[in-house]
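Chain by chain, the residues:
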Amino acid sequence: GAGVSQSPSNKVTEKGKDVELRCDPISGHTALYWYRQSLGQGLEFLIYFQGNSAPDKSGLPSDRFSAERTGGSVSTLTIQRTQQEDSAVYLCASSLGVAWETQYFGPGTRLLVL
Amino acid sequence: GNSVTQMEGPVTLSEEAFLTINCTYTATGYPSLFWYVQYPGEGLQLLLKATKADDKGSNKGFEATYRKETTSFHLEKGSVQVSDSAVYFCALSGSASGGSYIPTFGRGTSLIVHP
């Protein structure tokens, strides 16, 4: 079946502009995670959605970052007033349930802020 | 809080050499442990996992044993191939017995295997 998809695969934007990154999880997966991967760094947790529960936003680095998940499926990560330090690969993962279940990752969106 | 420490890379080996990538962790409770692999140009995918002490995860010739006494989950393979060249991430998360549902990842270890 289809895996996790993300779009766009690459995004170049100017400092100060807003960007939206999209994630389509595997159908039936109730858990969805966003991570940020910077060069030479591990995966930095950003936000977690589980079913209809309120999302865990504890990893969002500033109030310029927000995310939503519509209908328990597609998720959008929005970065407002982008800064150069936001340049990174943004990864989305989904799983059947909770964290000890295997996570299935999308290919990522590579964001470059000029 | 939870943390995962992996050996620095890159690790460069000749084909058929023995591979060890060290991973140690700090966590409360009894976490589940994972190795994920990221091949060039692809997303991360699960390589193997272990959910309790002394469990051995294995896949594609790779093995890792959950050692609670040394808080380690070292990845090993007896004979690497060029196709194993990738970045390997050690990770932990909570388990059915408790702990954080937010996974913690190491920084990744790049493996380069040449013919």
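Our structure's up above, just so we're on the same page.
Presented here is a report on the structure given in the accompanying data block.

Criteria and thresholds
Residues numbered from 1 in each chain as written. Chains lettered and ligands numbered in written order. Predicted model: local features only at pLDDT ≥ 70, side-chain atom pairs only at ≥ 80, totals over all residues. Heavy atoms only, no water. Contact = heavy atoms within 4.5 Å. Buried area = accessible area lost by both parts, 1.4 Å probe. Salt bridge = Lys/Arg side-chain N within 4 Å of Asp/Glu carboxyl O. Polar contact = N/O pair within 3.5 Å; in protein donor to acceptor, adjacent residues only side chain to side chain. Helix = DSSP H or I, 4+ residues; strand = E, 2+ residues; numbered from the N terminus. Nonpolar A, V, L, I, M, F, W, Y, C, P; charged D, E, K, R; others polar. Buried < 20%, exposed > 50% of the residue type's maximum accessible area, 1.4 Å probe, protein only. Pairing = 2+ DSSP bridges. Axes fitted to C-alpha atoms, helices over the stretch in contact; angles between N-to-C directions. Patch = residues over 30% accessible without salt bridge, like charges linked within 9 Å, V, L, I, M, F, W, Y side chains within 5 Å. Areas by Shrake-Rupley, 256 points an atom, 1.4 Å probe, with all protein chains shown as cover.

**Quick notes on the interface of chain A and chain B**
- The partner chain B presents 19 residues to the 20 residues of chain A that form the contact.
- Counting each side, the surface lost to burial between chain A and chain B is near 1,600 Å², with a carbon and sulfur contribution of 60%.
- If you look at where chain A meets chain B, you find zero salt bridges.
- Remark: the boundary between chain A and chain B carries one residue pair in polar contact (both at pLDDT 80 or more).
- Elements that contribute at least two residues to the side of chain A that touches chain B include exactly β4 (31-37) and β5 (43-50) of chain A.
- Grouping the constituent residues of the side of chain A that touches chain B by class yields 10 nonpolar, eight polar and two charged.

**Re the pairing of strand β10 (residues 86-93) of chain B**
All names here are of chain B.
- Extensive coverage of β10 is indicated by the burial of seven of its eight residues.
- By the bridge criterion, seven bridges tie strand β5 (residues 32-38) to β10 in an arrangement that is antiparallel. From the neighbouring strand, V37 faces β10, where its bridge partner is Y88.
- Two strands pair when backbone bridges link them, and β10 and strand β12 (residues 109-114) are joined in this way by three bridges, in the antiparallel orientation. Directly across from V87, in β12, lies its bridge partner S110.
- Looking at chain direction, β10 and strand β11 (residues 104-105) are connected through two bridges and run antiparallel. Pairing of L92 across the sheet is with T104, part of β11.

**Regarding the sheet that holds strand β3 (residues 19-24) of chain A**
All names here are of chain A.
- Spatial ordering of the open sheet is given by β1-β3-β7-β6, a layout of four strands whose pairing is antiparallel. Each edge of the open sheet carries a strand with a single partner, namely β1 (5-7) and β6 (65-69). Averaged over all pairs of adjacent strands, the angle between strand axes in this sheet comes to 15 degrees, irrespective of strand direction.
- Sheet topology note: the β6/strand β7 (residues 75-79) ladder contains five bridges and is antiparallel. Opposite E68, over in β7, you have T76 as the bridge partner.

**Quick notes on a nonpolar patch on the surface**
- Taken together, the side chains of A:V12, A:L112 and A:L114 present a nonpolar region at the surface, about 280 Å² in accessible area.
- Note on placement: A:L112 falls in strand β10 (residues 109-113).

**Some thoughts on the pairing of strand β4 (residues 23-26) of chain B**
All names here are of chain B.
- Of the two faces of β4, only one is covered, namely that formed by C23 and Y25; the face formed by T24 and T26 stays uncovered.
- Pairing geometry for strand β1 (residues 3-6) and β4, over four bridges, is antiparallel. Residue pairing across strands places V4 opposite Y25, the latter belonging to β4.

**Looking at the sheet that holds strand β7 (residues 56-59) of chain B**
All names here are of chain B.
- Across the sheet, four strands lie side by side as β3-β9-β8-β7; this open sheet has antiparallel pairing. Only two strands of the sheet have a single neighbouring strand rather than two, namely β3 (19-21) and β7. Strand-to-strand twist across the sheet, computed as the mean angle between neighbouring axes with direction ignored, equals 15 degrees.

Functional significance is not addressed by these values, which are geometric in nature.
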